[in-house]
Amino acid sequence: MPDIAVPTPALTVLSDEETMFRDAVREFAETDVRPHVYDMDQAAQFRPDLIAKFFELGLMGIEVPEEYGGSGGTIFMAVLAIEELARVDASAAIYVDVHNTLVNNAVGRWSSEEQKARLFPRLTTEMLGAFALSEPASGSDAFALETRANRASDGWSLTGRKFWITNGAEAELFIVFANTDFSKGYKGITAFLVERSFPGFSIGKKENKLGIRASSTVELILEDCRVPDDNVLGPVGQGYKIAIETLNEGRIGIGAQMIGLAAGALEHTIKYTKERKQFGKPIAEFQAVQHQIARAAVDVEAARLTVYNAARLRDAGKPFLTEAAICKIFSSEVAERVSSLAVNLFGGNGFVKEYPVEKLFRDAKIGQIYEGTSNLQLQTIAKQIIG
Ligand SMILES: Cc1cc2nc3c(=O)[nH]c(=O)nc-3n(C[C@H](O)[C@H](O)[C@H](O)COP(=O)(O)OP(=O)(O)OC[C@H]3O[C@@H](n4cnc5c(N)ncnc54)[C@H](O)[C@@H]3O)c2cc1C
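Scoring rules and cut-offs
- Once a new chain begins, its residue numbering starts again from 1 and follows that chain's sequence as written.
- Selection of residues for local features in this predicted model requires a pLDDT of at least 70, selection of side-chain atom pairs for listing and counting requires 80 or more, and totals for whole chains, interfaces and linings are taken over all residues.
- Neither water nor hydrogens contribute to the side-chain values; these are computed over all heavy atoms in the structure.
- For helices the rule is a DSSP run of H or I covering at least 4 residues; for strands it is a run of E covering at least 2, with both sets numbered from the N terminus onward.
- The angle between two axes is taken between their N-to-C directions and runs from 0 to 180 degrees, where each axis is a line fitted to C-alpha atoms and a helix contributes only its stretch in contact.
- Note: crossing handedness is left-handed where the near helix turns anticlockwise from the far helix by less than a right angle, and right-handed where it turns clockwise.
- Residue contacts follow a heavy-atom distance rule, with two residues in contact if any of their heavy atoms lie within 4.5 Å.
- Amino acids outside the nonpolar list (Ala, Val, Leu, Ile, Met, Phe, Trp, Tyr, Cys, Pro) and the charged list (Asp, Glu, Lys, Arg) are all regarded as polar, and Gly is one of them.
- Any pair of Phe, Tyr and Trp rings, taking the six-membered ring for Trp, is counted once the centres come within 6.5 Å. Such a pair is stacked with planes under 30 degrees apart, edge-to-face with planes over 60 apart, and tilted for the rest.
- For each residue, the accessible area found with a 1.4 Å probe, counting protein chains only, is set against the maximum for its type, and the residue is called buried under 20%, exposed over 50%, and partly exposed in between.
- Any carboxyl oxygen of Asp or Glu within 4 Å of a side-chain nitrogen of Lys or Arg constitutes a salt bridge here.

Caption draft 1: Looking closely at the environment of aspartate 23. Tracing the chain through its elements places aspartate 23 in helix α1 (residues 16-33). Each C-alpha atom, one on aspartate 23 and one on isoleucine 381, is 34 Å from the other, the two residues being 358 residues apart in sequence.

Spelled out as structure tokens, the structure:
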């Protein structure tokens, strides 16, 4: 008998557990988040009760081992949660995304047993996290960061400013990257677990943004901020590695946010074009419109496969660097294209705030900027495939 390999199911075939989880998040997003999306965007303010619900529902410890209060799940499950939230609101999605794919992920991989036992019970129940790498003069060139960490009698003293920090207005724990020895260049960079209550830590201005307006993006100010030795994350001088490796995984989450946004835009578009009549019939009956919608569906499907593939590779312990970069750049371009089509097919209604799609168009843009711009993703892909 020849060996007959068991066929691998399609990437979009979910296990029973994954299906139940996705459906639960979808229902929550529809019932609890959707009614507030417009007001939160207008006010540029996310509702604290929704953040509390993310914790209650177990969305803030998806991959954290059960022994520390998490769900012991996979990055694929985080992708499902982020996608479903972003179908309704990309801002809601980014709260959950940063907390899981950056903060919990870095703590899970790099912290000591003592730190995990101390932080995870809080990170899974009430303490929102943020990831603070960027600075005014160092974005793409992240390791040119200027925040300094000097030895102090009782640990470390951090001084500098961090820019554009997502979740920053509400977060209690910040993973802050600072250089402990500039003579070593990027090999002086070290990650610190900084709590909001630490002396010398404060929040600066809140950004007034084009999109994901309800998500908080703030400046952090560190003035002789005192951080105990117990709050160094990973080895001193390995912060660059922690940042790179964490962001490689984080990009899968941004891909998930973008496919959710694109899927939401497509759903709005199909519904509207079936209702809106011109020339005596619904505009969805015009073949030109049907083809535009079909092309958007092709885009969403293809982008979803790139995201699911990167997530499944990561969960299988296989290399996923190139695939994560591909999923991020492609999904964010698809989100921009599909939300732009939505605006077009809503006509004048696509341009006004009374209808949902102008927000989607604004929200889509961030996918090509944060966690590495599209040019930087291309650079990563090129380096992997060309050498
Ligand atoms: C809403 C929002 C939320 C954010 N959240 C966080 C967060 O939580 N934590 C955090 O640390 N940071 C965060 N950021 C920062 C974000 O990661 C940076 O904005 C991003 O990495 C780009 O850096 P920059 O803005 O300095 O742009 P720059 O690096 O100045 O880039 C400007 C342009 O030049 C291009 N460019 C730069 N270098 C190259 C190159 N070598 N080759 C080709 N093109 C190049 C870029 O692609 C881009 O188009 C956030 C930003 C925003 C807007």
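Caption draft 2: Here's a closer look at the packing of helix α9 (residues 321-345) against helix α11 (residues 374-386). Here α9 crosses α11 at 145 degrees, and the two axes come no closer than 9 Å. Taken as a pair, α9 and α11 cross one another with a handedness that is left-handed. In contact with Leu321, Thr322, Ala325, Ile326, Lys328, Ile329 and Ser332 of α9, α11 contributes Ser374, Gln377, Leu378, Thr380, Ile381, Gln384 and Ile385. In the contact of α9 with α11, the residues fall into seven nonpolar, six polar and one charged.

Caption draft 3: Examining the packing of aromatic side chains more closely. Taken as a whole and judged by the stated rule, the model has 16 aromatic pairs. Seen from their ring centres, tyrosine 68 and phenylalanine 120 are 5.7 Å apart, and the 45 degrees between their planes marks the pair as tilted. Here tyrosine 68 is found in the loop between α3 (48-56) and α4 (75-88), whereas its partner phenylalanine 120 is found in helix α6 (residues 113-123), with 52 residues between them in sequence. Using a relative accessible area of 12% as the deciding quantity, one classes tyrosine 68 as buried. Summarising the aromatic geometry, the rings of tyrosine 186 and tyrosine 240 are spaced 4.8 Å apart at their centres and angled 80 degrees between planes, so their arrangement reads as edge-to-face. One end of the pair, tyrosine 186, is in the loop between β4 (173-179) and β5 (189-195); the other, tyrosine 240, is in helix α7 (residues 239-275), with 54 residues separating them in the sequence. For tyrosine 186, a relative accessible area of 40% corresponds to the partly exposed category.

Caption draft 4: Quick peek at the pattern of salt bridges. Throughout the structure, instances matching the rule amount to 35 salt bridges. Where arginine 362 meets aspartate 41, a salt bridge forms, and the shortest distance between an N and an O atom there is 2.7 Å. Placement of the pair is arginine 362 in helix α10 (residues 357-364) and aspartate 41 in helix α2 (residues 37-43), with a sequence separation of 321 residues. What makes aspartate 41 buried here is its relative accessible area of 4%. Among the charged side chains, a network of salt bridges with common partners joins Glu63, Arg109, Lys241, Glu245, Glu249, Arg314 and Asp315.

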